Amino acid sequence: MLRSQTFLSTWSQERSMKWLVLLGLVAFSECIFKIPLRRVKTMRKTLSGKNMLNNFLKEHPYKLSQISLRGSNLTTLPLRNIWDIFYIGTITIGTPPQEFQVVFDTASSDLWVPSIVCNSSTCSTHVRFRHRQSSTFRLTNKTFGITYGSGRMKGVVVHDTVRIGDLVSTDQPFGLSVAEYGFEGRRFDGVLGLNYPNISFSKAIPIFDKLKNEGAISEPVFAFYLSKDKQKGSVVMFGGVDHRYYKGELNWVPLIRAGDWSVHVDRITMKGEVIGCSDGCTAMVDTGSSNIQGPGRVIDNIHKLIGATPRGSKHYVSCSAVNALPSIIFTINGINYPVPAPAYVLKDFTGNCYTTFKEKRVRRSTEFWILGEAFLRLYFSVFDRGNDRIGLAPAV
């Protein structure tokens, strides 16, 4: 039985029943300010941005702000690269603010962090939200659960003030976990979902949609630069695009359908031969996954072609042979996106090299792939909710 009932019971003893009354979301008119960027060590000068940006703006039906060093309408939040497995950023919740490290995830739509009443072993190793210390906290009687590829949680929907950099969402609905499974050893406290609201498990309005609806961001877009640097350089940006993070022009890819960050892939090739997606397929662009995932038969064939051998849950290759391994090319909307071996092979804690290709077990009638961080470290990505499309360009 969901342990949120215990949470509800405990909370009702501490606060009056007025906290259980559903109120309308409080509108706000926060201005957006640019917060300092962490220096990107690998950043280098790109082509003259003026013509590139002019072409970009012609393509775009609304004006994307040109970013300057001194001021902009863009909010940029630094992310930390944790072992090339996931990227985390700091948000705050409550009044006064309590800090949490979260994964910004384009494959899910819910924001949640652990509750102080969660006694799962996973919760005890992470920062837990202390609702009694927040003067703006509000409880509901709604419960929900989410199952991810690496774990699952059960929680209750609550409301409070949430801040992403200088973006502020008052009375934001989000989840407090009362039970978590499978997240042991993870260095993030919770998840901030950036997918469409129709796939929300809590049925609460996602924070990006609330900010968008209230005009808190200048354009309904967000973007990711995932640095290869182990600690610094990675960012997520809201409300516009900073062209300094990519080379050339953004190539726009329409979504298969509004409501999911999935695109059509033409084919997947290696050494000029089609190795997957021969009749076209679907791929989700997923900032919350470290791997490139696909059907088991195709992944097995890739491992065979590059000489990878299974060991536990991973497939390993000789580190000395990585530079000689072939690139794998994803052709999307007529554009080739090569993924060279140094991008799809990582080192584990013992110094051995393993591939980021992983079988995706999913019941679908058509071939389905996940393009995770191994792909996104190579390509700057823009998620355009206003036009239901994704922009991709080589990252600097």
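Everything discussed here concerns the structure shown above.
Residues numbered from 1 in each chain as written. Predicted model: local features only at pLDDT ≥ 70, side-chain atom pairs only at ≥ 80, totals over all residues. Heavy atoms only, no water.

Caption draft 1: How the structure looks around the side chain of Asp384. By the element assignment, Asp384 lies in strand β24 (residues 379–384). Polar contacts involving the side chain of Asp384 include one to the side chain of Asn387, which spans 3.1 Å. (Helix = DSSP H or I, 4+ residues; strand = E, 2+ residues; numbered from the N terminus. Polar contact = N/O pair within 3.5 Å; in protein donor to acceptor, adjacent residues only side chain to side chain.)

Caption draft 2: Main features of the packing of aromatic side chains. In this structure the tally under the stated criterion is 29 aromatic pairs. A centroid spacing of 5.0 Å and a plane angle of 55 degrees characterise the contact between Tyr196 and Trp261, whose relative ring orientation is tilted. Taken as a pair, Tyr196 in the loop between β8 (190–193) and α4 (207–213) and Trp261 in the loop between β11 (251–254) and β12 (262–270) lie far apart in primary sequence, 65 residues in all. The exposure classification of Tyr196 matches that of Trp261, with both residues buried. A ring pair is formed by Tyr246 and Phe380, whose centres lie 5.2 Å apart and whose planes are at 25 degrees; its orientation type is stacked. Placement of the pair is Tyr246 in the loop between β10 (234–238) and β11 and Phe380 in strand β24, with a sequence separation of 134 residues. The exposure class of Phe380 is buried, given its relative accessible area of 0%. By way of ring pairs, the aromatic residues Phe104, Tyr196, Phe208, Phe222, Phe224, Phe238, Trp261 and Phe383 are connected into one cluster. Sitting over the ring of Tyr354, Lys314 keeps its end group 5.2 Å from the ring centre. (Phe/Tyr/Trp six-rings, centres within 6.5 Å; stacked < 30°, edge-to-face > 60°. Buried < 20%, exposed > 50% of the residue type's maximum accessible area, 1.4 Å probe, protein only. Lys NZ or Arg CZ within 6 Å of the ring centre and 35° of its normal.)

Caption draft 3: How the structure looks around the pairing of strand β25 (residues 389–394). Most of β25 sits inside the fold, with five of its six residues counted as buried. As paired strands, β11 and β25 are joined by four bridges and run antiparallel to one another. Of the residues in β25, the one forming a bridge with Trp252 is Gly391. The pairing of β24 with β25 spans six bridges and is antiparallel. Across the sheet, the residue bridging to Phe383 is Ile390, located in β25. Remark: four residues form the turn of the hairpin made by β24 and β25, two consecutive strands paired antiparallel; Asp388 in that turn has positive phi of roughly 50 degrees. (Pairing = 2+ DSSP bridges.)

Caption draft 4: Spatial organisation of the pattern of salt bridges. Per the counting criterion, the structure on display carries eight salt bridges. Here Asp242 and Arg244 are joined by a salt bridge, their closest N and O atoms 2.5 Å apart. Relative accessible area serves as the criterion here: at 1%, Asp242 is assigned to the buried category. Taking the relative accessible area as the measure of exposure, Arg244 reaches 22% and is therefore partly exposed. A salt bridge links Arg389 to Asp384, with the nearest nitrogen and oxygen atoms 2.9 Å apart. (Salt bridge = Lys/Arg side-chain N within 4 Å of Asp/Glu carboxyl O.)

Caption draft 5: Quick look at the state of the cysteines. The final tally for this structure, using the stated rule, is three disulfides. Linked covalently through their sulfurs, Cys118 and Cys123 form a disulfide whose S-S length is 2.1 Å. Given an S-S torsion of about 70 degrees, the disulfide between Cys118 and Cys123 has right-handed geometry. For Cys118, a relative accessible area of 0% puts it in the buried group. Take Cys123: its relative accessible area is 0%, and that puts it in the buried class. The disulfide that involves Cys277 links it to Cys281, with 2.1 Å between the sulfurs. On the S-S bond that ties Cys277 to Cys281, the torsion sits near -110 degrees, and the link is left-handed. Counting only the cysteines that form disulfides, in the order they appear in the chain, gives the pairing 1-2, 3-4, 5-6. (Disulfide = S-S within 2.5 Å.)

Caption draft 6: Fine view of the side chain of Arg377. Structurally, the position occupied by Arg377 is in the loop between α7 (373–376) and β24. Leave out the neighbours within four places in its chain, and Arg377 touches Asp84, Tyr87, Leu226, Ser227, Lys228, Leu346 and Ala395. (Contact = heavy atoms within 4.5 Å.)

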